[in-house]
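Examining the three-dimensional arrangement
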Amino acid sequence: MRRWSPRDRNCAYGTAAAVLLFVLLTLGSVITKRPWCDEAWFASPALDLTENGRMGTHVLEPTGSHLSILRPGSRLEGIDQRTYWVMPLYLLVLALAIKLFGFSLAVVRLPSLIWGLGALAAWYVIVRRLGGSRELAALTLFFTGIDYAFVNSASDGRMDMMCASLGFIAMALYLVLRDNRFLLAVLLSHAAAALSLFTHPNGMLAAAALVFTIFYLDRKRLSWAVVPLAGAPYVVAGLGWLVYILQDRAAFAAQFAANASNRLAGLSAPLEAIRLEIAQRYLEAHFLPLDAGLNGRLKLLILLAYVAALVVMIATPALRGTPGYRLLLYLTGLRFLMMAWGASLKNAYYLVHIIPFYAFFLACVTCWLWQRSNRVRWATASVLCLVIGLQLTWSLYRIFWLRPYQKQYLPAVRFLRAHMTPQDLVCGSAELAFAFGFHDPRIVDDLSVGRWSGKRPTLLVVDKWYYFQIVTSFDKKSPEYSHYISRLLQDDFHQIYAQRDEYQIYRRYSPSRP
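This one's a predicted model, so the numbers in the text were calculated from it and none came from an experiment.

Quick look at the overall build of the chain
Scanning the chain from terminus to terminus reveals 23 helices and 5 strands. Overall, the C-alpha framework of the chain stretches about 80 × 55 × 45 Å when taken along its three principal axes. Within the chain, buried positions represent 51% of all 514 residues. Put simply, 72% of the contacts in the chain that link residues at least 6 apart link residues at least 24 apart. Summed over all atoms, the accessible surface of the chain reaches about 23,200 Å², with 64% contributed by carbon and sulfur. Distance from the positive charge centre (51 side chains) to the negative charge centre (31 side chains) of the chain: 10 Å.

Remarks on the pairing of strand β5 (residues 503-508)
Burial runs high along β5: 5 of the 6 residues are buried. Two strands pair when backbone bridges link them, and strand β3 (residues 459-463) and β5 are joined in this way by 5 bridges, in the antiparallel orientation. Bridged to V462 within β5 is Q504. Taken together, the 6 bridges between strand β4 (residues 493-499) and β5 define a ladder with antiparallel strand orientation. Looking at the pairing, A498 lines up with Q504 of β5. Counting the residues between successive antiparallel strands, the hairpin from β4 to β5 contains 3 residues, one of them, R500, with a positive phi of roughly 50°.

Points about helix α23 (residues 479-491)
Helix length check: α23, at 13 residues, gives a terminal C-alpha distance of 18 Å against a target of 18 Å (1.5 Å per residue), a fit within 8%. If you check which residues of α23 are buried, you get Y481, S482, Y484, I485 and L488. Seen from one end, α23 has its buried residues packed into an arc of 160°, which puts them on one side. For α23, the exposed residues set more than 90 degrees away from the buried face come down to E480, H483 and Q490.

Quick look at the sheet that holds β4
Taken together, 5 strands build an open sheet; the order of strands is β2-β1-β3-β5-β4 and the sheet is mixed. The open sheet terminates on both sides in strands that have one partner only, identified here as β2 (443-444) and β4. Of the strands in this sheet, β3, β4 and β5 touch α23, which is tilted by about 95° from β4.

Remarks on unusual backbone geometry
Its identity as a non-glycine residue notwithstanding, R403 has a phi of 40°, on the positive side. Considering the arrangement of structural elements, one finds R403 in the loop between α19 (374-402) and α20 (404-419). The backbone of V449 sits at a positive phi, close to 50°, despite the residue not being glycine. With respect to the helices, strands and loops of the structure, V449 is situated in the loop between β2 and β3.

Regarding the packing of aromatic side chains
Following the criterion strictly, the structure yields 33 aromatic pairs and no others. Three or more aromatic residues joined by ring pairs make a cluster, and in this case those are Y84, F198, W241, Y244, F252 and F256. Positioned over the ring face of Y349 is R158, at 3.9 Å from the centre of the ring. Lying across the ring of Y484, R451 places its NZ or CZ 5.0 Å from the centre.

With respect to the pattern of salt bridges
Per the stated rule, a full pass over the model turns up 23 salt bridges. The partner of D8 in a salt bridge is R134, with the nearest N and O atoms 3.1 Å apart. You can see D8 sitting in helix α1 (residues 6-32) and its partner R134 sitting in helix α6 (residues 134-146), a full 126 residues away along the chain. Accessibility expressed as a relative area gives 9% for D8, which makes it buried. By relative accessible area, which is 29% here, R134 ends up partly exposed. Because the salt bridges share partners, they merge into one network encompassing R34, E431, D463, K464 and E502.

Some details on the nonpolar core
Judged by nonpolar contacts, the single largest core of 77 residues is most densely connected at M313, L328, F360 and F361. Sorting elements by how many residues they give to this core places helix α18 (residues 355-370) first, with 10 residues. When residues no more than four places from it in sequence are discounted, the contact partners of F361 are A309, L310, M313, L328, L329 and T332. Grouped together as the second largest cluster of nonpolar side chains are 75 residues, A43, L94, V426 and L432 included.

What counts, and at which threshold
- Residues numbered from 1 in each chain as written.
- Predicted model: local features only at pLDDT ≥ 70, side-chain atom pairs only at ≥ 80, totals over all residues.
- Heavy atoms only, no water.
- Helix = DSSP H or I, 4+ residues; strand = E, 2+ residues; numbered from the N terminus.
- Buried < 20%, exposed > 50% of the residue type's maximum accessible area, 1.4 Å probe, protein only.
- Contact = heavy atoms within 4.5 Å.
- Areas by Shrake-Rupley, 256 points an atom, 1.4 Å probe, with all protein chains shown as cover.
- Lys, Arg positive; Asp, Glu negative; His and termini not counted.
- Charge placed at Lys NZ, Arg CZ, Asp CG, Glu CD.
- Pairing = 2+ DSSP bridges.
- Expected span 1.5 Å × (residues − 1).
- Arc of directions from axis to C-beta.
- Axes fitted to C-alpha atoms, helices over the stretch in contact; angles between N-to-C directions.
- Phe/Tyr/Trp six-rings, centres within 6.5 Å; stacked < 30°, edge-to-face > 60°.
- Lys NZ or Arg CZ within 6 Å of the ring centre and 35° of its normal.
- Salt bridge = Lys/Arg side-chain N within 4 Å of Asp/Glu carboxyl O.
- Core = buried A, V, L, I, M, F, W, Y, C linked by side-chain atoms within 4.5 Å.

Given below as structure tokens:
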């Protein structure tokens, strides 16, 4: 058995420390993040599967989702019996977690943390197999594990981290097996990519990256035997999904069509899609949010560090000339364009698919600069301290100061519970189900506030991240809807609770009001 050198031992300690720091930051976020609508929407069918053996979503009014506003007339038909508007694999994994550990908000978020560890492990393998040193692999893990977007995704009850992690695992599997067992590498890597795809359509990013990698590294080894091996996992997974679809084809058609509407709008205007990718996903949604103060705007420096590292990678022959590093540059460009053109919803939580690439470039440039003069080392260390400090500050600020779950969500829930009566119908974001239960008939997530469902809520809860955002941002997309909500709040409801702009609660005026 080969003995570890002091260098190997230090790298192992550094890697373990990076992973531990990621786990601690993510656990802190799991405990203190307030729940939000997506977590409740996807927890509901998983919980229903464990309790009733089906995957119905009970917290969302079929005619009152944001999709009904984006595409008037669309209805999530049969969603209380079967959930078709999202890919099924994440719901099954979440149901397994609930079955094993019981139901709670922390358990809903637990799979994402575990998949986050899988993503870090995959990237360690990717860096090493593409020619990177142990130090470079450990530093990539460190920069990835402290990134605020990555930590946020790893503590979120959504499928994005699972989807991204399976994609990274697909790449790692191929790189590990390709030298000695090429066909097995193709089969297993595409199996992981297929699982990623049936977790979320963004799994197409993994499949495309895998195909590109195979052609880039092993095009001379390709034969017709590769095609069925690569395609088989997608066919098998598709057949499994088809069995579920055939249980209610009409509901599948209605739900999936509503959610898929306009998702590929970027293809019709590719240059505008690239501009929107930068302006909306990178800046407005994450690195430079419009409502952020000075501290929030400092996050822009993190993006600038990533961009600077990417520029240095491209401009430096010693870096871009390394075949493995050049492959990652190509894959980053491919991924950026696919996200710009194929993901028209510019949400920040999709950044988890590309952040590790930027973290690798930052780590690579850091290692390269560290070999220069002492003056360059000091400058590099200063920039890194600033970037690391900003990343950690954002996570620690939320964990120890903001504490949104404890300081925002719970006070609103306590007020609502104290002022509800058995006769009330509460309209609000599905996140309320984590406090009131997923089968409470008094809670309904209906953005139309009864306009299309015919229901008549007596209490309306407007949260910052869903109801308020939709109402204020749809004045141009759906002016009729915005006018309806404005009139309703002005004429039929009065405010009884306000917590800054996080939660506002309104009660409908009594019918006897003059």
